[in-house]
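# Coordinates in review
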Amino acid sequence: MDKLSDRVKRLGYSQTFVMSNKAREMKASGIDVISLTLGEPDFDVPDNIKQAAFDAINENYSHYSPVPGFLELRQAISEKLKRDNQLDYKPTQICVSNGAKQAIINVLAAIINDGDEVILPTPYWVSYDEMVKMMGGNSVMLPTSYVTDFKITAEQLEEAINEKTKAILFSSPCNPSGGYYTYDELKSLAKVIAKYPHVTVISDEIYEYINYETKTSSIAQFSEIYEQTAVINGMSKAFAMTGWRIGYSACPEWLAKACEKVQGQMTSGANTVAQRASIVALKTDPSEYKYMIDAFESRRNLVFDLMKEIPGFKVLLPKAAFYFFPDISYYIGKTLNGTEIKDADDFAMFILENAHVGCVGGVSFGSPECIRFSYAASEDELREAMRRIRDVLEKAV
């Protein structure tokens, strides 16, 4: 008798963690591996946030919080959304979760029935498709490519929506492409979505601060779909608080109540100390943390110049986040040093085993012709990583 559920058997393992773990194993065996796999800032948490956590411990914030989070934190999030995004959400519309991943799961659990469809523009973050499966839904992939700047059009979206469509889930700025939708592009998507009130937009905006051009826009700003939109964000990326596990959703009242109901039966409130520290982080002027963004921009420019010298790579300059997502289709179908390259996952493993540089293949991102590199690493490591890849490929081709 099979003890595992069909639901869990449908799920795959995160390719990000598969490659990260493989890199760790090689490193532990004595191999000099440079891992550019995980989407995690390499900075320490700013001192004022750490101090707020110490204060919370000393003030005995050791008991359960309300399920959707402390009111003071939800007020701080409400103020941040108004200050930075011109979005109006009351504290009652906000649910603080154990990371942004749980915030997305809450929304999906609240709206998805078995067989419902969720539209995922490709490339998408590796967990999106698995989350949809977990809730019993079916993902509908909308393909994009290097040529289209990894973005869908309003026409594509309109063609994909039908009576089974329950949601569209995307990130802007995007993990893994590093691109984002402009105000005009979001407006055109919003016009389509407004025609279909049964569709909910789940807009993952966790990389909003890590952008190098203009301020990013939120699709929730368009009044015609405000009641259809769930904004997802959190503390992990801009504040280097990945291990603190604080994310949040901002939704219309009907959906916010449902998210609280789901979370109340899963985990209840998030870590109380991390919540208190997040209040301080959000109330601080974002310019105080800009030194991290400036460092990422410098690394981005460095890697872009070096990556253009790698044979067979087609690469766009990322406008946000801290990833490169080069198209490596030149190598698909080739045999490199005796290794057949059927897709980007094969290529990523070849790079790890031969250049000793960890990256993530694009199959689980919905783009089997691309690979993802995180540049959340030192400039010396990034220079050496690009040199190794270039040298290996020059000899292998």
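Below is a summary of the structure that appears in this document. (Residues numbered from 1 in each chain as written. Predicted model: local features only at pLDDT ≥ 70, side-chain atom pairs only at ≥ 80, totals over all residues. Heavy atoms only, no water.)

## Structural notes on the packing of helix α4 (residues 71-85) against helix α10 (residues 272-283)
With their axes 9 Å apart at the nearest point, α4 and α10 run at an angle of 25° to one another. When the axis of α4 is compared with that of α10, the two are roughly parallel. Classified by chirality, the crossing of α10 by α4 is left-handed. Between α4, through Glu72, Leu73, Ala76, Ile77, Glu79, Lys80 and Arg83, and α10, the contact on the second element is made entirely by Gln275, Arg276, Ser278, Ile279, Leu282 and Lys283. Counted by class, the contact of α4 with α10 contains five nonpolar, two polar and six charged residues. (Axes fitted to C-alpha atoms, helices over the stretch in contact; angles between N-to-C directions. Helix = DSSP H or I, 4+ residues; strand = E, 2+ residues; numbered from the N terminus. Parallel < 35°, antiparallel > 145°, perpendicular 65-115°, else oblique. Left-handed = near helix turned anticlockwise from the far one by under 90°. Contact = heavy atoms within 4.5 Å. Nonpolar A, V, L, I, M, F, W, Y, C, P; charged D, E, K, R; others polar.)

## Some thoughts on the side chain of Arg372
When you line up the elements, Arg372 lands in strand β14 (residues 371-374). Buried charge Arg372 goes without a salt bridge, the closest partner of opposite sign being Glu40 at 10 Å. Among the polar contacts listed, one links the side chain of Arg372 to the backbone oxygen of Thr37, at a separation of 2.5 Å. In this structure the side chain of Arg372 is engaged in a polar contact, spanning 2.8 Å, whose partner is the side chain of Asn175. (Buried < 20%, exposed > 50% of the residue type's maximum accessible area, 1.4 Å probe, protein only. Lys, Arg positive; Asp, Glu negative; His and termini not counted. Salt bridge = Lys/Arg side-chain N within 4 Å of Asp/Glu carboxyl O. Polar contact = N/O pair within 3.5 Å; in protein donor to acceptor, adjacent residues only side chain to side chain.)

## Here's the deal with the environment of Ala100
Mapped onto the fold, Ala100 is located in helix α5 (residues 100-111). For Ala100, a relative accessible area of 11% translates into the label buried. In sequence terms Ala100 and Lys290 are 190 residues apart; their C-alpha atoms lie 22 Å from each other. Discounting chain neighbours no more than four positions away, the residues touching Ala100 are Ile206, Ile232, Asn233 and Gly247.

## What about the sheet that holds strand β2 (residues 94-97)?
An order of β2-β8-β7-β6-β5-β3-β4 is seen for the seven strands of this open sheet, with the pairing classed as mixed. The sheet terminates laterally at β2 and β4 (138-142), the two strands that pair on one side only. The mean angle between the axes of side-by-side strands here comes to 20°, regardless of whether they run parallel or antiparallel. Here strand β6 (residues 200-204) pairs with strand β7 (residues 229-234) via four bridges, running parallel. Among the inter-strand pairings, Asp204 is bridged to a residue of β7, identified as Ile232. Against the sheet, helix α6 (residues 127-134) contacts β3 (117-121), β4, β5 (165-171) and β6, and its axis sits at roughly 150° relative to β4. Most of the contacts of helix α9 (residues 253-266) go to β2, to which it runs at about 30°, and overall it touches β2, β6, β7 and β8 (247-250). (Pairing = 2+ DSSP bridges.)

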